[in-house]
Amino acid sequence: MNEKNNSYATVSIQALKRMPYYLQHLKKLESDGVESISAPYIADILKLNEIQVRKDFAAISTTRGKPKSGFKIKELIFNMENFLGYNNNDDAVLIGVGSLGKALLSYNGFEHYGMNIVAAFDISKNIIGNEVGGKKVLHVEKTSEICRRLNIHIGIITVPEETAQIVCDQLVAGGVSAIWNFAPVHLSAPENILIQNENMAASLALLSKHLQQQTTVRI
């Protein structure tokens, strides 16, 4: 890591969440033959603040953008993928092979984002021993053991809320340091464990509230 990348420590959570959107547009521009891009242009496309975008780019770029031409797209994409860890696959396991779990296991795009699901766990005798999306389904009791043996860092929870905390504890016991939680429940874990919650109920509530407000305005 060069000296420029010391600024990684100053990148906010909000900036981190913006990076995949930047990357998506940068790759599209690159495929269209565009070689350089300015922060104002990206800010206009994504409806963001120009200064905000410029700071985000500067935080991860190994070279400074030029006043007229901006940043080299190819180099910016490389820097951004390195920052996000897309070039270094992290092995992950998934617990809960229901409808959502099966969909995630069958999705082939995770490796493009630096994650590789290597195994899945469930309690159902009807699915244990089978393969879903090319991943073998094991009994959930083996979670901690397999995580330790394979040095797994990421755990994905797609179980009902009443069993999510038990699964979380098993992942932590297995040495997992980051958890992607799809169960609609708050999980307790040591401070050094990162938990990213994907609460569909909360998202739907926001959408419903927005639609309700829009309907009220029309009336």
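Reading guide: rules and limits
- Counting restarts for each chain, with residues numbered from 1 along the sequence as it is written.
- Only residues with pLDDT of at least 70 are given local features in this predicted model, and only at 80 or more are side-chain atom pairs given and counted; all residues enter the totals for whole chains, interfaces and linings.
- Side-chain measures here rest on the full set of heavy atoms in the structure, leaving out hydrogens and waters.
- Working definition: rings of Phe, Tyr and Trp (its six-membered ring) pair if their centres are within 6.5 Å, and the pair is stacked with planes under 30 degrees apart, edge-to-face with planes over 60 apart, and tilted otherwise.
- The numbering of helices and of strands both runs from the N terminus, where a helix is a DSSP run of H or I of at least 4 residues and a strand a run of E of at least 2.
- Helices are assigned an expected span. That span is 1.5 Å times one less than the residue count.
- Relative accessibility thresholds used throughout: buried, under 20% of the residue-type maximum; exposed, over 50%; partly exposed, between the two (1.4 Å probe, protein chains only).
- Directions pointing from the helix axis toward each C-beta atom define the arc.
- The contact criterion used throughout is that any non-hydrogen atoms of two residues lie within 4.5 Å.
- We count a salt bridge whenever a side-chain nitrogen from Lys or Arg sits within 4 Å of a carboxyl oxygen from Asp or Glu.

*Asks:* Describe the packing of aromatic side chains, with residues and values.
*Replies:* Scanning the model with the defined rule gives five aromatic pairs in all. Aromatic pair Y22 and F57: ring centres 5.1 Å apart, planes at 80 degrees, arrangement edge-to-face. Of this pair, Y22 sits in helix α1 (residues 13–31) while F57 sits in helix α3 (residues 50–60); the two residues are 35 residues apart in sequence, bridging distant segments of the chain. Taken together, a centroid distance of 5.8 Å and an interplanar angle of 80 degrees make the contact between F110 and W180 edge-to-face. Linking F110 in the loop between α5 (99–106) and β4 (115–122) with W180 in strand β8 (residues 178–181), this pair joins segments that are 70 residues apart in sequence.

*Asks:* Which residues make up helix α7 (residues 161–173), and what are the values?
*Replies:* With 13 residues, α7 ought to run about 18 Å at 1.5 Å a step, and its terminal C-alpha atoms sit 19 Å apart, in line with that. Residues of α7 that are buried: A164, V167, C168 and L171. Burial along α7 is one-sided: seen end-on, the buried residues are contained in an arc of 110 degrees. Residues E162 and I166 are exposed on α7 and point more than 90 degrees away from its buried face. Buried residues along α7 sit against β3 (90–95), α6 (143–150), β7 (154–157) and β8.

*Asks:* Please provide a residue-by-residue account of the pattern of salt bridges, values included.
*Replies:* Across all of its chains, the model carries five salt bridges by this definition. R18 is the partner of D56 in a salt bridge, and the nearest nitrogen-oxygen pair spans 2.8 Å. Taken together, the residues D56 in helix α3 and R18 in helix α1 connect sequence positions 38 residues apart. Overall, R18 belongs to the buried group, its relative accessible area being 15%. Ionic pairing is found between R149 and E145, a salt bridge with its closest N-O pair at 2.5 Å. Of this pair, R149 and E145 both sit in helix α6, four residues apart, roughly one helical turn.

Interpretation note: all reported values are geometric properties and have no functional meaning in isolation.
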